Every structure is written in structure tokens, then in C-alpha cells.
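# Secondary and tertiary structure notes
Now for the letters of each chain:
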Amino acid sequence: MSTLVEVGLDWIAVTFYALSTCLFVYGFVFKKQRALKWGLLLAIAGLIPHSAALLYRWYISGHGPWMRRYEVYTSLAWTGLLMFIVFQWRRPDFRPLGVVIMPGTVLLVGLAVFSFSQIQDVPESFKTYWLILHIYFAKLAYGTCLIGTALAVIYLMIQRTNGLGSWLRQRLPDPDRIDELSYRFTAFGFVMIGVMIAAGAIWAKNAWGSYWSWDPVETWSLISWILYGIYLHLRRMHGWKGTKAALFTIGAFSVLIFTLMGIGIVYVNNHSPYVN
Amino acid sequence: MQIKDKLIFTVTRLLRYISSIKLALIILVTTVVLLTVGVNPWYNFNAAFFRSWLFTLVLAVLLINLVFCTYKQAKRIFAKPVVKPVLREIGAITSDTGFSQAVRGCLVNAGFHLTVDNPQEIMGYKGRVGVWGPVIFHLGLILICIGIFLQIVFSFSGRIGLVPGQVFTDLQQNYLSSDYGLWRNNGESRFKLVLHEVKSKFKDDGIYATGDISVIKGGEEVARQDVNAGNPLGLGIWGFYKDEFGYYVKIRIITEDKDIPFDVGLSTFRHENSETYRDIFDNPDVPYKMSIEFIPDIDSVRGKKSYKPNHPAVRLMVQNRAAQNGKVMFNDLVRIGQTAAIDKNTYVKFEGYFPWLTLFFKIEPGIYLINLGFGVCLGGLVLLNLLVPQYIRIKLVTGAEGSRLFIGGWTSRYQNSFQHRLTQIKSDLSQLFSEEEN
């Protein structure tokens, strides 16, 4: 019964998100502002069953969405989308960003539904505030870096000399401001990843007696963090801006995505029992 | 003299290179490459790769570069504490009455603290402390790196196996395994350890155990705590962490002429819980090869809160080692106290069980620096992100043709947003001045 409720709610959310994606793509390709607006409204509508599914899972499992692939994927998608909606509320002029965010959200929630698994109890060692901090900051890191990357993608599209580029230029703020906003989000993401790593290390220290054990998840998190660190140095000290910076952001985000979602598939490690 | 000059020139260039961002970027890229190689899924080098001299060398160069860069950064801030932004003209004004309270209000409302305030010039700043953000962040990284190096050189870790009531003496031979840092300190017998009790919590999904331990130093108990995963016992730079937990199962094999009692230690993985504990027992002193699984509660029903340690049992699979095909002689459950026949005139008895625990003992000379480094890093990151330093300057220049108004601003980050803000302030001021003139 519980499976039916969660999967049912998730499918409703996926349907809304898929429709939202279609409208965003339609609005983007055919340059229809109204379609973008409806796309956003459908995304907000989809967030309601998505939130309900997450809360229901939380209620029946007695713990937050941090065990197994299903919970990790669906909560990451939820955080990313919520941050996008909050960003839209503050900066409605960035609506075309949905064309980058929404397909990713559909894919992630879809993957979560297909990797649905029964509830796994939380081991005793997981019941610490440090771990909760670690997980929340991982989700915030994903959300902020997602928006930073989406802005970088939009920046690259604006640079195109075709009709789409000029349409975007008319509807979006100055490309330099998009570029800088992408930088701000990425810089904030760097902080989030840093706190995520530190909180995880402190938890590991208490649980396993070691801050760092070169587990693949730890190592890849460090790689992501250093990559974002390189980006910030290049940007501040070497004046990297525009296309180069945008491409670097996209590359670093791909590594972060692999860290947060792909490692459980490729490696067997300390995190495996909880993310597979 | 020429040689001396050359030497000074070379050293200066070297120092400049060591403290350069270029080197920092090279090291960071090298670190990323090494990390990717070390963690590749096809041939995972594991921790050994990250302890290699190559990796340690890269970290050492990174630390040196960090120290020099941070010093240079801090020096720059000390040398130039106040920034005087370059001015741009807003426009000419006819009435030269100086700055009104409304102009000051406009800047104060924008969040600026005014430092220079006279009829000809106003200067203000906000988020000035933010300039220190990168320095503090890098300082935190330096502290963490020094802490890591102290750990690499002076650390010690050892695994201690304990059963309730047992006293452990800190001697090399008493450790199950030990690992020294680069500098081997033989200062053993620093303490004695007593495991008073293994406290087991029976939950729906298995057993969680904690160990009530005392640390005795100089004949006195200096600490006592229930050690659990997530709740280690810390004594300054010493730390006692829970590792494995399990049971010794006491089994007896009885034949017509022999009575062989033996214990089998069965454990769960590290600190996690378990419902069953299993192992293969293959000891030459015992004529059988056995697969043993200890079940703390044979009547447990998982997920229905009926998990109690009242009915323990072992699942035994006994194989005849002498027989070539290792024929299975017995494969069944044996409850506590029960004797089961495994062959003609040969019996096996499950006599009892008792818990055991292993602890990690660690000496961590860098722990305080690492903890401090984490805190400092976090502080730096907060400053870096929340306080973006911004300076503003408004100047009235009076000449023969009348007064002209200038504005200038400076920030270290997010130039576009700041320029946008500056333009807003500029238009507010223009409006204000034109209103005042009218």
C-alpha cells in the first residue's frame, strides 16, 4: 500500500514535470513567453505531489530521505526544483532557465521511481546531527550548482548569433550579469560542498575514528570541490569570464553529478549500502 | 658581487613563483589528476596511493604555496587598508551648498558606513571585513594541512580486542594490529583499559552494542564512558573508537574418548548492527570443518518488535575434514544448552556465548589544529560570501565654471552587480541634486 502511495504520487509529479518540460522547450524553441509561464506553473503544481511523496516516505520510514538511491535521487530533484522556483520568484526575468532545469528534474524523478526500493532502517551511527548537516548541504550544493550551471548554459545560448540568441538577449538581462550570477551561484555552491565535506568528515571521525578514509565518495567530493576552487581562482585571479568560465562550470557540475549520483553505480564503498 | 646578485635574483624569482597563483593552479590541477588516478574504479589503489611519497610531496608543495600566497594576500590588505575608488563624473551642478543630509541618507540607506564626510567629499564602505574572507579561509586550510602532516608523522593507531571484565595494557604485543606514523614512538604502557560491560540494545533490525570502558592512567581512572559509533571516548589527543562487535560462541565436541571445548569469535562488520553472526571454523585441533551462524534470538520476527535475546541458537553445518568430498554430517539448528548428534557416538553441544568488542585507539597530534582549521575555514567562507567589500566615494570639485559632481566605487567581487548598484545610486543622487537645485 505504502509503495502504491509513494510511486503514485511520484508518477503524478513526473507527469506534471514532463508537461512542464514540454512547455518550456516549446516556449524556448518557438519563442513563446506564455508557454514559459505555464511551464513554471506546471512545475510548481508537480512539486506538490512530489513533496507529498517525500513527506509520506519520511513519515513511514521515520527518517529523512537519505537512504537508498530512490530517496537520494528524488530528494535531490526536489531541492533543485525548489531552489529554481525560489530563484524564479526573486528573479522572474530568468524564466527560460527552466529549459535546462526541468528535463533534468524529469530524468531524476523518473530514475528515482524506476530504482524504487523498500525502506531501509537507519543504522545507529547515522543518528547524528553531523550526518544530517552533511546530507542537507549535499542537497543545497546540488541545487546551487545546478542553477549556476543552468545560467552558464543560458549564457552560452545567448552567445549564439542565430534567432534564438537574439530572442534570449531581448528577454534576459545583460549577458555579463548572467555570467556573474552564474559565478555567484557557483561560488556559493563551493561553500556548500565545503561544508558538506567538513560535516561528513566530522561524522566519519566520530563513527569510524578517521576524518578521511579515501572512500571513492570522499575522494570524488574532494575532486569536485577542488575543481570549483580552480574555477574561482581562474575567475578572480586570471580574469576568466564568459564562454570559458561557462564551459568550466558545466564540466565541474558533471563531476559533481557523478559524485552525488554515479559513484554508487561504479564503486563498492562505505557509502554503497545506503546509496544503492 | 655578481654571484650574490644572481643568487638574490634567483631566490626572489623562486619566492615569487612559489607564492604565485599560477603555481597554486598547477598544484590543484595535479592534485585533481592524482586523485582521479588514485580512485579509478578499474584499479583502485586505495589509501596506499594517497600515502605515497608523490602524493605527500604534492600536498607539501601545496602547503608551502598556501602559506606564501596567504602571507602575500594579508600583506596586501595591511598595506592598503582603505581603497580610494576612481571617480567618474555624474554631472555639473550650479548651486554649491555641499552635501545635504538627504545625500548622506541615500548612501546610508544603501548600507554604507561613512568614513570621510566633509563638504567636498564623502567616502563610505560596507562589508569591509569581507576582504579578510579569502585570507581567513586559506589560513584555515593551512591549519588543516599542518594538522594532517602532524598526523602523518606522529600518529599511532591500534586495534584492541576486549571481552567484558578484561584489562588491557597498552603494550605493542597486546594490540591486534597497529599502525605508526613516520616517527615511531615506543612510549608504550601509557594507560590500562577495562571493558566493564558490553551493553546490547535489541532493536527491530538487530543488535546494537556499546562498550562501557574505563581508562586507567597512573593507577587512577581518568575517564569512563559508554563508547559507541558516533560517541567515542576522547582524552586530549587520544581517542577510543568503537570498531567491531560480536560474540564468542562456546561449543563442545564430545566423542567417546575426547572432549574438545572451543570458542569461536563471530563478528559483525565494523560498528553496524546485525541479526546473525557467521564464520567458517577450520582449526586443525578440531576434526571437523564447521560453518557456524549465531542467531541471538531464534524466535525473532523482524520488524514486529519481538526481538529479544531469550532464545539464542547456532546454525551448524559440520563437514568431515578427513573425507575427501568433505561430506556434510550435520546441518541444523542447535539451541543453547542442547546437545546434538553429528555422528555415531559424536555430539556437539552449544554451551553458551559472551559478547566481545574491538576498539580503535588513536593518538592524533594534529586533531586540535584540524578542528580549529575547520572552524577557521568556515568563518572565512562565511565572510567571503556574506560580506562583499564595497567602497563608494562622492566628490564635489569646484572650479571656475562651477561645481561638478563625481562618483566612484570599488569592489573585489561581482563587478557587474556592483556597477549596476552604483548606476542606481548615481541616478538617485542626480535626481536628489536636481530636486535640491529646483
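Model, not experiment: these values are computed from the prediction. (Residues numbered from 1 in each chain as written. Chains lettered and ligands numbered in written order. Predicted model: local features only at pLDDT ≥ 70, side-chain atom pairs only at ≥ 80, totals over all residues. Heavy atoms only, no water.)

Below, the discussion takes up the packing of helix α4 (residues 98–114) of chain A against helix α5 (residues 129–158) of chain A. All names here are of chain A. Relative to each other, α4 and α5 sit at 135°, their axes nearing to 9 Å. With respect to their mutual orientation, α4 and α5 come out oblique. Contacts between α4 and α5 involve Val99, Val100, Ile101 and Leu108 from the former and Tyr142, Leu146, Ile147, Ala150, Val153 and Ile154 from the latter. In terms of residue class, the contact of α4 with α5 is made up of 10 nonpolar, no polar and no charged. (Axes fitted to C-alpha atoms, helices over the stretch in contact; angles between N-to-C directions. Helix = DSSP H or I, 4+ residues; strand = E, 2+ residues; numbered from the N terminus. Parallel < 35°, antiparallel > 145°, perpendicular 65-115°, else oblique. Contact = heavy atoms within 4.5 Å. Nonpolar A, V, L, I, M, F, W, Y, C, P; charged D, E, K, R; others polar.)

Moving on, we get to the packing of aromatic side chains. Taken as a whole and assessed by the stated rule, the structure comprises 35 aromatic pairs over all chains. Ring geometry for Trp214 of chain A versus Phe55 of chain B: centroids 5.5 Å apart, planes at 90°, classification edge-to-face. Of this pair, Trp214 of chain A sits in the loop between α7 (175–208) and α8 (216–237) while Phe55 of chain B is found in helix α4 (residues 53–79), placing the two residues in two different chains. Look at Phe156 of chain B and Tyr180 of chain B: their rings are 4.9 Å apart centre to centre, the planes differ by 55°, and that puts the pair in the tilted class. Within this pair, whereas Phe156 of chain B is found in strand β4 (residues 156–162), its partner Tyr180 of chain B is found in strand β6 (residues 177–180), the two being separated by 24 residues in sequence. Note on Tyr180 of chain B: relative accessible area 17%, which makes it buried. Counting every residue linked through ring pairs, the aromatic cluster contains Phe156, Phe168, Tyr175, Tyr180, Phe191, Trp238, Phe240 and Phe361 of chain B. (Phe/Tyr/Trp six-rings, centres within 6.5 Å; stacked < 30°, edge-to-face > 60°. Buried < 20%, exposed > 50% of the residue type's maximum accessible area, 1.4 Å probe, protein only.)

Attention now moves to the environment of Ile122 of chain B. All names here are of chain B. Among the secondary structure elements, Ile122 is positioned in strand β3 (residues 121–126). Of the residues examined, Ile122 reaches a relative accessible area of 0% and is grouped as buried. For the pair Ile122 and Val103, spaced 19 residues apart in the sequence, the C-alpha separation amounts to 9.5 Å. The residues touching Ile122, leaving out its near neighbours within four places in the chain, are Phe99, Val103, Arg104, Leu107, Leu114, Val116, Asp117, Ile392, Arg393 and Ile394.

This next bit is on unusual backbone geometry. You will see that Asn345 of chain B, though not glycine, has its phi angle at about 60°, which is positive. Inspection of the secondary structure assignment puts Asn345 of chain B in the loop between β17 (339–343) and β18 (346–363).

All names here are of chain B. On the surface, a nonpolar cluster with roughly 430 Å² of combined accessible area is contributed by Val129, Leu378, Val382, Leu386 and Leu387. Among the secondary structure elements, Val129 is positioned in the loop between β3 and α6 (133–154). Accessibility expressed as a relative area gives 48% for Val129, which makes it partly exposed. (Patch = residues over 30% accessible without salt bridge, like charges linked within 9 Å, V, L, I, M, F, W, Y side chains within 5 Å. Areas by Shrake-Rupley, 256 points an atom, 1.4 Å probe, with all protein chains shown as cover. Salt bridge = Lys/Arg side-chain N within 4 Å of Asp/Glu carboxyl O.)

With 25 residues, helix α9 (residues 242–266) of chain A should reach 36 Å at 1.5 Å per residue; the first-to-last C-alpha distance of 34 Å fits that figure. Taking the largest bend as the criterion, α9 of chain A deviates by roughly 50°, centred on Leu260 of chain A. (Expected span 1.5 Å × (residues − 1). Bend = angle between axes of the 7 residues up to and from the residue.)

Further remarks concern the interface of chain A and chain B. Taken together, the contacts link 45 residues of chain A with 52 residues of chain B. Counting each side, the surface lost to burial between chain A and chain B is near 4,200 Å², with a carbon and sulfur contribution of 65%. The interface formed by chain A and chain B contains one salt bridge. Lys205 of chain A is the partner of Glu364 of chain B in a salt bridge, and the nearest nitrogen-oxygen pair spans 2.4 Å. (Buried area = accessible area lost by both parts, 1.4 Å probe.)

We now examine the nonpolar core. Counting 116 residues, the largest nonpolar core has Leu151 and Ile193 of chain A as its most contacted members. Among the elements that take part in this core, α7 of chain A stands out by supplying 15 residues, more than any other. (Core = buried A, V, L, I, M, F, W, Y, C linked by side-chain atoms within 4.5 Å.)

All names here are of chain B. For the structure shown, the criterion picks out zero disulfides over all chains. No disulfide involves Cys69; its sulfur sits 13 Å from the nearest other cysteine sulfur, which is in Cys145. Its relative accessible area of 15% is what places Cys69 among the buried residues. Not part of a disulfide, Cys145 finds its nearest cysteine sulfur in Cys377, a span of 9.0 Å. (Disulfide = S-S within 2.5 Å.)

Limitation: the analysis is restricted to geometry and does not speak to function.
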